[in-house]
Amino acid sequence: MTNLLASLNTKGEKHLLIGYSNITYLRIKSIIESGAHPILVCSTRDVLFNPAIKILIEEHKLVVIDQEEHQITSERVSQYINTLGRDEVDSIVDRVFVTLPQSQDQLKLQIYAQCRRLRVPINTTDDPKLCTFTLLSTYNSGDFQVGVTTNGKGCKLASRLKRDIVSHLPSNIGQICDKIGELRRTIQEQDLITLEEVELGENDDDNVVTHKFNALVHEFDQTQEEEKLRRNRWLSQIVEYYPLNKLADLSIEDLKIAYESHKHDAGVSNSTATVVHSREQKKPIASKRGKIALVGSGPGSTSLLTLGALQAIHEADFILADKLVPQQVLDLIPKTHGPQLFIARKFPGNAERAQQELLELATTALGEGKYVVRLKQGDPYIFGRGGEEYNYFQSQGYTPIVIPGISSALAAPVLAQIPMTHRDVADQLLVCTGTGRKGAVPNIPVFEPSRTTVFLMALHRIVELIPILIDQKGWVADLPVCIIERASCPDQRVIRTTLANVGAAVEACGLRPPGLLVTGYACEVIWSQMEKEIDAGGQGWIIEEGFDCGFNEGVLNVV
């Protein structure tokens, strides 16, 4: 059983601390930093040797009730709990922290019982069974906070895990929170977005994205309501897809200009290109002729990145990446004297104009003699516009180098233990899209029992597609299917269910893009007990979390 984690606003509260030890001082500091008022019940001789405690008392930040340890009784503690609190809560204290020796176990049990009866949260040091809450090992940077708990299994371990997590965060993570928060407020104020219109789960830290996160936004003839919500959804996608270190370097004005430059139907304005290049020191135009490579980066894990792709990343002067290229691949880009990186600004309803921007930026860089790498998730030629880009650059006088990548359509089923072809089960494989040009519903294939069908770009409209599959194309409702999201990434998620239940599964679990849908009886070749497990779970689907590539991905380098 896991605990419910929460971030609590304790400003103005009164917290009672009973007993003193080395950890009590740290708790007092945390209480003061949170805006609450600590009241310490202990013998003054236990605390006055600590100069820091004396300063807090002198500054009236800490109240100490001098109480010899043997005089602390259940009756006295009950009096403190019921009389030292705020007037607005009938003088009952807001929280209780107990730090008493093992010899006082009976007293600790009595204090715990009193707090439970009054519904006052209580924390007892080194005694999880006498706690209704525990403090996390925390790190703060501005409005950013991260906390780690081992649920009473060890403060040192929690602190070590916290340090390891923090070491992988950008140094200015607090600034990132400020920038994104400011832009979010600006967008909502300017577009007059109400709380009812903001996507469900926007303020819920556990619900990163809902099933509507990648909901279809038509490219043309948008209604006023679609236009109104487009910027808010665009910002959500930037937060979800863009690498954190890219957000750290991006200003509020950059994001505003990027959106405004795309808002007009005339195409990409010069101001957008200015945003990209303004941060780069201007270099002399090279005399050599530029070259371009269309590079597939695979589904996510660097273990599935080809050596050719890795070499291209290290040799490039300018990298144009899709927003779906995961952080672990972008981390391979050299930081010192490395290539300039630009992330596609594709937000809902803007794919065509954002694509044009990428083509124009690449053409400009090629004219400057640069080696341009167009980094694409998966394989450039499997629903990646690779053919369109090849023809475009060839028409500009540059014949692209194409470096294949492992498509998620092929890798994801393997990672989910689905053999897409299997004797007597599946003798053919079909890869198709769930979204056609300009958001149209594509030509859905008829059902073939011996075929494994993989749908890309379909989960955001799966509820719309299911009736077409079952009612119009003859697909069977109990067909085994599998949703695979963020394949090969550490936060990979696999949802196994049936065609009839897949819509409800997406509604209940939300989306973790990018994802795909695998359908067919091959889904149960290895997972032959799936139906039994689903029935046992009682919810119509089973969920598997996480992916382990099997080795340290940080050791990759150019051969």
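In the annotation of an unreviewed UniProt entry, the entry for the chain reads Uroporphyrin-III C-methyltransferase, and the organism field reads Lodderomyces elongisporus. In its Sequence similarities (unreviewed entry) section, UniProt records this for the chain: "Belongs to the precorrin methyltransferase family." On record in UniProt, under Catalytic activity (unreviewed entry), the comment for the chain is "uroporphyrinogen III + 2 S-adenosyl-L-methionine = precorrin-2 + 2 S-adenosyl-L-homocysteine + H(+)".

Asker: Got a sec to walk through helix 5 (residues 105-118)? Specific residues and values, please.
Answerer: The end-to-end C-alpha distance of helix 5 is 20 Å, a good match for the 20 Å that 14 residues give at a rise of 1.5 Å each. For helix 5, the complete set of buried residues consists of Leu107, Lys108, Ile111, Tyr112, Gln114 and Cys115. Buried residues of helix 5 fall within an arc of 160° about the axis and therefore sit on the same side. Exposed side chains of helix 5 directed beyond 90 degrees from the buried face belong to Gln106 and Arg117. Elements in contact with the buried residues of helix 5: strand 1 (14-18), helix 4 (74-83), strand 4 (95-98) and strand 5 (122-124). Directly after helix 5, the chain includes Arg119, whose backbone phi takes a positive value near 60°.

Asker: Summarise the packing of helix 1 (residues 22-33) against helix 3 (residues 51-58); cite the residues concerned and give the values.
Answerer: Where helix 1 meets helix 3, the axes come as close as 11 Å, and the angle between the chain directions of the two elements is 35°. Crossing of helix 1 over helix 3 shows left-handed handedness. Together, Tyr25, Ile28 and Ile32 of helix 1 and Ala52, Ile53 and Leu56 of helix 3 make up the contact between the two elements. Partitioning the contact of helix 1 with helix 3 into residue classes produces six nonpolar, no polar and no charged.

Asker: Please set out the UniProt feature "domain: Siroheme synthase central" (unreviewed entry) in the chain residue by residue, giving values where relevant.
Answerer: UniProt annotation of "domain: Siroheme synthase central" (unreviewed entry) refers to residues 142-168 when read in the numbering used here. The span residues 142-168 is 48% helix and 19% strand, and its two end C-alpha atoms sit 17 Å from each other.

Asker: Please set out the pattern of salt bridges residue by residue, giving values where relevant.
Answerer: Counted according to the given criterion, the structure contains 15 salt bridges. Between Arg86 and Glu88 there is a salt bridge whose closest N-O contact spans 3.2 Å. Residue Arg86 is classed as buried on the basis of its relative accessible area, which comes to 17%. When salt bridges with common partners are traced through the structure, they connect Asp322, Arg374, Lys376 and Glu389 into a single cluster.

Asker: Can you break down the packing of aromatic side chains residue by residue, with the values?
Answerer: Per the stated rule, a full pass over the model turns up five aromatic pairs. With centroids separated by 5.5 Å and ring planes inclined at 85°, the aromatic side chains of Phe97 and Phe133 adopt a geometry described as edge-to-face. Residue Phe97 is found in strand 4, and its partner Phe133 is found in the loop between strand 5 and strand 6 (137-141); the two are separated by 36 residues along the sequence. Measuring from ring centre to ring centre gives 5.2 Å for Tyr392 and Phe393, while their planes differ by 75°; the resulting arrangement is edge-to-face. A relative accessible area of 1% places Phe393 in the buried class. One aromatic cluster is present, formed by Phe447, Phe455 and Trp475 through successive ring pairs. One residue, Arg95, lies across the ring of Phe133, its end atom 5.2 Å from the ring centre.

Reading the values: rules and limits
- Residues numbered from 1 in each chain as written.
- Predicted model: local features only at pLDDT ≥ 70, side-chain atom pairs only at ≥ 80, totals over all residues.
- Heavy atoms only, no water.
- UniProt positions renumbered as here; feature names shortened; annotations may be inferred.
- Helix = DSSP H or I, 4+ residues; strand = E, 2+ residues; numbered from the N terminus.
- Expected span 1.5 Å × (residues − 1).
- Buried < 20%, exposed > 50% of the residue type's maximum accessible area, 1.4 Å probe, protein only.
- Arc of directions from axis to C-beta.
- Contact = heavy atoms within 4.5 Å.
- Axes fitted to C-alpha atoms, helices over the stretch in contact; angles between N-to-C directions.
- Left-handed = near helix turned anticlockwise from the far one by under 90°.
- Nonpolar A, V, L, I, M, F, W, Y, C, P; charged D, E, K, R; others polar.
- Salt bridge = Lys/Arg side-chain N within 4 Å of Asp/Glu carboxyl O.
- Phe/Tyr/Trp six-rings, centres within 6.5 Å; stacked < 30°, edge-to-face > 60°.
- Lys NZ or Arg CZ within 6 Å of the ring centre and 35° of its normal.

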